[in-house]
Number of protein chains: 2
Amino acid sequence: MDAENILAEHGLRNTEARHGVLDVFNKYDYALSHSDLEKELQKYFDRVTIYRTIHSFLDKGIIHKVIDDSESAKYALCADECSSDRHHDNHVHFKCAKCGNSECLNHVQIPSINVPKGYLVSESNLLIEGVCASCN
Amino acid sequence: MDAENILAEHGLRNTEARHGVLDVFNKYDYALSHSDLEKELQKYFDRVTIYRTIHSFLDKGIIHKVIDDSESAKYALCADECSSDRHHDNHVHFKCAKCGNSECLNHVQIPSINVPKGYLVSESNLLIEGVCASCN
DNA sequence: ATACTTTTGCAACTGAGTTTCATTTATGAG
DNA sequence: CTCATAAATGAAACTCAGTTGCAAAAGTAT
Ligand SMILES: [Mn+2]
Ligand SMILES: [Mn+2]
Ligand SMILES: [Zn+2]
Ligand SMILES: [Zn+2]
């Protein structure tokens, strides 16, 4: 799906900054931080605009946060039909110790876990660290 | 085990700051951030000392990092015999949406996951979000 | 084309974490 | 116990991620 349609379907105005950010996400197959985006886009857009774009994409279900022990937050495109109302990003994330990239293992589901009595689960987040297929 | 022994066993000098930080960790049953520690200890020690204490405890295997989608890092005491050489913190972490606390579910192991061909796993980190037993 | 609303740029700000260096403290040898 | 040495601490300054307020610019519907 092209950038214009993605924006329209999630109720966002079609602006150059959003288009540009989407293009960068499509260009890489691993999760990107604000500074990754800024490296490619700072000639065109202000850093605050990039932060705000990340927020609206998160909010509308265009991207999801990839939790990672690194200092700064990373984000990746949602694979399925996520929306403001509901994210279905129930897959495992993999962080490579060699290249440092974190990627979505979209086809590896997070197993359900038995928690102790009294606890209620709403969502899970699983990060696996190791060496990725490209670096191995 | 008392603070002095914990420090000695991990090859750290017995100082007031380290003793104080250990006491705060023992006082709470959930993971603490630097600012949580600072709230209790700022009258006695400099904030930089608290940062450095966290680093040496991490390094020596006295505490481990609790990964969490929150802005700042959190840490918890290691339950088993962890050391510089080896951490055995293979348990699930639980973050409560109500109270905001993250705790170690020390008795809930992270299951092993089948990753795609070509990937090598070295460690896993599982965060479950929901409502904790106290808030439920 | 116009009016209205959202988005953007810019500057200033906050908060987490780090670095440097001089001073103080813990520890082990004598 | 005293002293020498290495390690730990405090203080100030700094870096980097992320946020806020506000005026200007751009998108959208009529
Ligand atoms: Mn993902
Ligand atoms: Mn833990
Ligand atoms: Zn890799
Ligand atoms: Zn709770």
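Keep in mind that this is a model prediction, so the values were computed, not measured.

Novice: I keep staring at the sheet that holds strand β2 (residues 63–66) of chain A and nothing clicks. Help me out?
Specialist: For sheets, the rule is that strands pair by backbone hydrogen bonds, running either parallel or antiparallel. Residue and element names in this part refer to chain A. Pairing in this open sheet of three strands is antiparallel, and the strands run β1-β3-β2 from one edge to the other. Each of the sheet's edge strands pairs with one partner strand only, and the pair in question is β1 (32–33) and β2. Sheet analysis places β1 next to strand β3 (residues 74–77), joined by two bridges and oriented antiparallel. Following the sheet pairing, L32 is matched in β3 by Y75. Running at roughly 85° to β3, helix α2 (residues 16–27) makes contact with β1, β2 and β3 of the sheet.

Novice: When you look at the coordination of the zinc ion (ligand 3) in this model, what are you seeing that I'm missing?
Specialist: Residues and elements named next belong to chain A. At 2.2 to 2.4 Å from the zinc ion (ligand 3) lie its protein donor atoms, namely C96 (SG), C99 (SG), C132 (SG) and C135 (SG). Given four donor atoms and angles of 102 to 121° at the metal, the environment of the zinc ion (ligand 3) is assigned as tetrahedral. Within one chain, the residues donating to the zinc ion (ligand 3) are spaced in sequence as C-x2-C-x32-C-x2-C. Of this pair, C96 sits in strand β4 (residues 91–96) while C135 is found in the segment after β6 (120–131), placing the two residues 39 residues apart along the sequence. Classification of C96 as buried rests on a relative accessible area of 1%.

Novice: Can you help me understand the interface of chain A and chain B in this one?
Specialist: At the junction of the two partners, chain A supplies 33 residues and chain B supplies 33 residues. Between chain A and chain B, a total of about 2,700 Å² is buried, with carbon and sulfur atoms accounting for 65% of that surface. Joining chain A to chain B, the criterion identifies zero salt bridges. Remark: the boundary between chain A and chain B carries 14 residue pairs in polar contact (both at pLDDT 80 or more). Elements with a minimum of two residues in the side of chain A that touches chain B: β4, β5 (102–109) and β6 of chain A. Here the element with the most residues in the side of chain A that touches chain B is β6 of chain A; it accounts for 12 residues. The class makeup of the residues in the side of chain A that touches chain B is 19 nonpolar, seven polar and seven charged. Relative to strand β6 (residues 120–131) of chain B, β6 of chain A runs antiparallel, the two being bridged by 11 bridges. Paired with L120 of chain A across the bridge in β6 of chain B is V131 of chain B.

Novice: Where do I start with the sheet that holds β4 of chain A in this structure?
Specialist: Strand order in the open sheet formed by six strands is β5(A)-β4(A)-β6(A)-β6(B)-β4(B)-β5(B), with mixed pairing between adjacent strands. Two strands bound the open sheet, and with one partner strand each, they are β5 of chain A together with β5 (102–109) of chain B. With direction set aside, neighbouring strand axes in the sheet form an average angle of 30°. Of the pairings in the sheet, the one linking strand β4 (residues 91–96) of chain B to β5 of chain B comprises five bridges and is antiparallel in character. Considered in β5 of chain B, the bridge of F94 of chain B is made with E103 of chain B.

Novice: Is there a simple way to explain the protein's contact with DNA strand C in this structure?
Specialist: In the region of DNA strand C, 19 residues are neighbours, and T15, R18, T49 and R52 of chain A together with R47 of chain B sit closest. Sugar plus phosphate, as a fraction of atoms of DNA strand C within 4 Å of the protein: 63%. In this structure, D46 of chain A approaches DNA strand C through a main-chain N or O atom, which is 3.0 Å from a phosphate oxygen. In the environment of DNA strand C, a phosphate oxygen lies 2.9 Å from a nitrogen or oxygen atom belonging to the backbone of N14 of chain B. For the surface near DNA strand C, the secondary-structure elements that each account for two or more residues are α2 and α4 (47–60) of chain A together with α4 (47–60) of chain B. Here the surface near DNA strand C gets five residues from one element, more than from any other, and that element is α4 of chain B.

Novice: Just checking my understanding: could you explain the protein's contact with DNA strand D for this structure?
Specialist: Surveying the vicinity of DNA strand D reveals 19 residues, the closest of which are R47 of chain A together with T15, R18, T49 and R52 of chain B. Sugar and phosphate atoms constitute 62% of the interface atoms of DNA strand D, taking the interface as everything within 4 Å of the protein. At a separation of 3.3 Å, a phosphate oxygen of DNA strand D approaches a polar backbone atom of N14 of chain A. Here D46 of chain B contributes a backbone N or O atom positioned 3.0 Å from a phosphate oxygen of DNA strand D. For the surface near DNA strand D, the secondary structure elements donating two or more residues are α4 of chain A together with α2 (16–27) and α4 of chain B. Broken down by element, the residue count for the surface near DNA strand D peaks at five residues, all from α4 of chain A. For the surface near DNA strand D, the residue count by class is seven nonpolar, five polar and seven charged.

So, how was this worked out
- Residues numbered from 1 in each chain as written.
- Chains lettered and ligands numbered in written order.
- Predicted model: local features only at pLDDT ≥ 70, side-chain atom pairs only at ≥ 80, totals over all residues.
- Heavy atoms only, no water.
- Pairing = 2+ DSSP bridges.
- Helix = DSSP H or I, 4+ residues; strand = E, 2+ residues; numbered from the N terminus.
- Contact = heavy atoms within 4.5 Å.
- Axes fitted to C-alpha atoms, helices over the stretch in contact; angles between N-to-C directions.
- Donors = N, O, S within 2.8 Å, 3.2 Å for Na, K, Ca; no water.
- Tetrahedral: all angles 85-135°; square planar, octahedral: opposite > 155°, others 65-115°.
- Buried < 20%, exposed > 50% of the residue type's maximum accessible area, 1.4 Å probe, protein only.
- Buried area = accessible area lost by both parts, 1.4 Å probe.
- Salt bridge = Lys/Arg side-chain N within 4 Å of Asp/Glu carboxyl O.
- Polar contact = N/O pair within 3.5 Å; in protein donor to acceptor, adjacent residues only side chain to side chain.
- Nonpolar A, V, L, I, M, F, W, Y, C, P; charged D, E, K, R; others polar.
- Near = heavy atom within 4 Å.

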